[in-house]
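For reference, the chains in residue letters:
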Amino acid sequence: MSPRNAIDVRPIAEDEIPEWIRALNTGFLRPPSVKESEVADRSTYLVPARTLGAFDGGRCVGTFRSFPQQLTAVGGTAVAADAISNVTVTSTHRRRGILTRMMAQDLAAAKERGDTVATLIAAEYPIYGRYGFGAATAAAEWTIDVPRAGLDRRWAGPDDGGRIDLVDGDDVRRTGPELHERLRRTLPGAIDRDERWWQVRTGVLTLDRSSWTEPFYAVYRDARGEVEGLLAYTVDDQWGDAKQPNDTARVKDMIALTPAAERALWRYVCSVDWVTKVRTGWRAPDDLVPHLLPDPRAARITTQADWLWVRVLDVVAALEARTYTGTGSLVLELVDPAGLCGGRYRLDASPQGATCTPTTESAALTMDMGELGSLWLGDESAVRLAALGRVREERAGAGSAADALLRTSRRPWCPDIF
Ligand SMILES: CC(=O)SCCNC(=O)CCNC(=O)[C@H](O)C(C)(C)COP(=O)(O)OP(=O)(O)OC[C@H]1O[C@@H](n2cnc3c(N)ncnc32)[C@H](O)[C@@H]1OP(=O)(O)O
């Protein structure tokens with residue numbers, strides 16, 4: 001085994017992309033050999049300066065990449081995020097501090113660039129808290145037992161003057177990006193999608209590493225004819241022994257700009273003949289879907305888990321970027337062993353705006369950066385974190401006061417994985 005300091009952690013050169021992909025495949029337990037098509041595809045979007053490799057001699061044993069992302073804060077302002085992905089350390093080299101070194105390099109560069117936060121989707125819960133990340137949004141998937149739901153099976157379209165139309169991939173590439181942009185600007189926790197996202201999801205770009213089945217696409221048009229919702233779903237065609245259809249529809253993507261669009265699209269997918277189960281895909285944890293069914297118990301939670309993790313890199317920018325429905329002040333003592341942005345800050349917030357400034361006043365709450373990451377998008381409760389011993393109330397009632405300022409009426413949600 002090579003000594004720790006013999007491992008070189010650095011941005012890769014362009015000609016090291018194939019070796020980096022081999023290490024990435026190894027870390028994600030995929031067949032390690034690298035196809036030329038994968039090198040060609042990844043070369044279109046990897047930013048070598050933000051693609052780190054850990055090298056033991058000539059062999060890559062650690063991978064890590066980041067890219068620029070827009071993350072919507074509470075109130076709709078997008079902040080610059082350092083999005084982290086493709087994190088692996090080869091099993092022969094694990095638990096020797098390689099991830100810690102790659103993370104430190106990347107976060108320092110993000111701080112230097114002026115990014116407000118860093119984001120990631122964690123493969124396993126225990127990995128990232130130590131680096132100042134906190135679970136900031138959650139996701140839930142429901143499986144709907146359609147016959148039990150109590151919907152009128154004769155239903156044949158929205159009853160609000162709108163309509164549902166099936167469209168193809170070309171239409172989706174034309175209308176989807178703008179629709180998603182409109183959603184993203186109003187949805188705390190949402191991130192931007194680039195053109196490649198739409199190409200992969202509509203089969204224009206097929207990847208060797210993942211299979212693709214062409215979905216059905218449906219759009220909802222409101223009474224004025226405006227497209228206000230988009231649904232992509234696949235169906236596996238299964239029949240029971242008694243010659244009864246038993247198909248499962250799987251929702252791959254749903255963008256609904258209005259509750260009417262949401263209602264119409266869920267009702268539509270639950271009304272497709274032969275479909276007896278609908279898997280909703282990962283949705284917001286407070287999604288309306290169960291309560292759009294006459295019997296909400298027909299929607300059973302299949303998955304419920306943390307989703308987007310956030311690491312605040314600039315406390316002032318993060319707290320000033322979001323909006324607040326309440327009025328009040330809060331002094332936070334933030335503990336950041338990485339030395340990126342710890343300290344004491346005073347937040348003065350009201351519906352008219354917020355200011356955040358370093359202060360020497362005594363703090364109401366003390367917490368690590370990860371806890372701020374969990375509170376910032378409004379999903380977590382300071383009272384709950386105090387009960388768990390993860391936030392310390394320096395004054396009685398400080399947790400409730402923080403909740404009154406920071407929590408939101410609807411939960412944040414990140415519809416995408418990266
Ligand atoms: C955003 C994404 O890409 S998510 C994908 C993450 N990647 C994977 O899950 C692929 C499989 N796993 C791996 O490749 C590696 O185990 C990694 C990348 C998760 C960790 O890499 P390592 O180099 O082993 O981490 P490192 O040695 O820096 O560990 C730092 C600390 O985190 C802990 N840690 C690391 N991974 C885990 C884990 N999966 N579960 C619990 N603790 C962990 C280590 O024990 C260590 O703790 P210590 O400081 O108290 O000793």
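Since this is a predicted model, take the numbers as computed values, not measurements.

Chemist: Looking at this structure, how should I read the overall build of the chain?
Modeler: When helices and strands are tallied, the chain shows eleven helices and 19 strands. Taking 2.2 N^0.38 as the reference for a compact globule, 418 residues should give roughly 22 Å; the C-alpha atoms of the chain span a radius of gyration of 23 Å, in line with that estimate. Along the first, second and third principal axes, the C-alpha set of the chain runs to 65 × 55 × 40 Å. Across the 418 residues of the chain, 40% fall into the buried class. Relative to all contacts within the chain whose residues are 6 or more apart in sequence, the contacts with residues 24 or more apart total 72%.

Chemist: I'm lost on the site of the ligand in this one. Help?
Modeler: Surrounding the ligand, one finds 22 residues, the nearest of these being Val87, Arg94, Leu99, Thr100 and Ala123. Sorting the residues of the shell around the ligand by element identifies β4 (78–89), α3 (98–113) and β5 (117–121) as the ones contributing at least two each. If you tally residues by element for the shell around the ligand, the top one is β4, at six residues.

Chemist: Any chance you could explain the sheet that holds strand β9 (residues 216–221) here in plain terms?
Modeler: Here seven strands make up an open sheet; going across it, the order is β8-β9-β10-β11-β12-β7-β13 and the pairing mixed. Only two strands of the sheet have a single partner each, and these edge strands are β8 (163–167) and β13 (299–306). Strand-to-strand, the axes of this sheet are offset by a mean angle of 25 degrees, without reference to chain direction. The pairing of strand β10 (residues 227–236) with strand β11 (residues 247–256) spans eight bridges and is antiparallel. Residue pairing across strands places Gly229 opposite Ala256, the latter belonging to β11. Here helix α7 (residues 259–271) sits on the sheet and contacts β7 (138–145), β8, β9, β10, β11 and β12 (275–279); the angle it forms with β10, its principal contact strand, is near 20 degrees.

Chemist: I would appreciate a short explanation of the sheet that holds strand β19 (residues 391–393) in the present structure.
Modeler: As a general point, the strands of a sheet are linked pairwise by backbone hydrogen bonds and lie either parallel or antiparallel. Taken together, five strands build an open sheet; the order of strands is β17-β16-β15-β18-β19 and the sheet is mixed. Each edge of the open sheet is held by one strand with a lone partner, namely β17 (353–358) and β19. Put simply, the sheet's adjacent strands are angled 25 degrees from each other on average, direction ignored. Of the strand pairs in this sheet, strand β15 (residues 328–335) and strand β16 (residues 343–350) are connected by seven bridges, and their pairing is antiparallel.

Chemist: Hey, could you run me through the UniProt feature "domain: N-acetyltransferase" (unreviewed entry) in the chain in this one?
Modeler: Those places that UniProt annotates as "domain: N-acetyltransferase" (unreviewed entry) correspond, in this numbering, to residues 7–157. A helix fraction of 26% and a strand fraction of 34% characterise residues 7–157, whose end C-alpha atoms lie 61 Å from each other.

Chemist: When you look at the environment of Gly75 in this model, what are you seeing that I'm missing?
Modeler: With respect to the secondary-structure elements, Gly75 resides in the loop between β3 (59–72) and β4. With 34 residues separating them in the primary sequence, Gly75 and Asp41 have C-alpha atoms 36 Å apart. Dropping the residues within four chain positions of it, Gly75 is found in contact with Arg322 and Thr323.

Chemist: Could you clarify how one ought to interpret helix α9 (residues 369–376) in this entry?
Modeler: Owing to its 3.6 residues per turn, the α-helix aligns residues three or four sequence positions apart on the same side. With eight of eight residues buried, α9 lies mostly within the body of the structure. The complete set of buried residues in α9 reads Met369, Gly370, Glu371, Leu372, Gly373, Ser374, Leu375 and Trp376. Backbone geometry just after α9 places Gly378 at a positive phi near 90 degrees.

Chemist: Sorry, what's going on with the nonpolar core here?
Modeler: What tends to happen in soluble globular proteins is that the nonpolar side chains get buried as a cluster. With 114 residues, the main nonpolar core has Leu265, Val269 and Val312 as its most contacted residues. Per element, the largest residue contribution to this core is seven residues, and it comes from α7. Those residues within four positions of Val312 in sequence are excluded, and the remaining contacts are Val117, Ala318, Cys341, Met369, Leu372, Gly373 and Trp376.

Procedures and definitions
- Residues numbered from 1 in each chain as written.
- Predicted model: local features only at pLDDT ≥ 70, side-chain atom pairs only at ≥ 80, totals over all residues.
- Helix = DSSP H or I, 4+ residues; strand = E, 2+ residues; numbered from the N terminus.
- Rg over C-alpha atoms; globule rule 2.2 N^0.38 Å.
- Buried ≥ 20, exposed ≤ 12 C-beta atoms within 10 Å, placed from the backbone.
- Contact = placed C-beta atoms within 7 Å.
- Near = placed C-beta within 6 Å.
- Pairing = 2+ DSSP bridges.
- Axes fitted to C-alpha atoms, helices over the stretch in contact; angles between N-to-C directions.
- UniProt positions renumbered as here; feature names shortened; annotations may be inferred.
- Core = buried A, V, L, I, M, F, W, Y, C linked by C-beta atoms within 7 Å.

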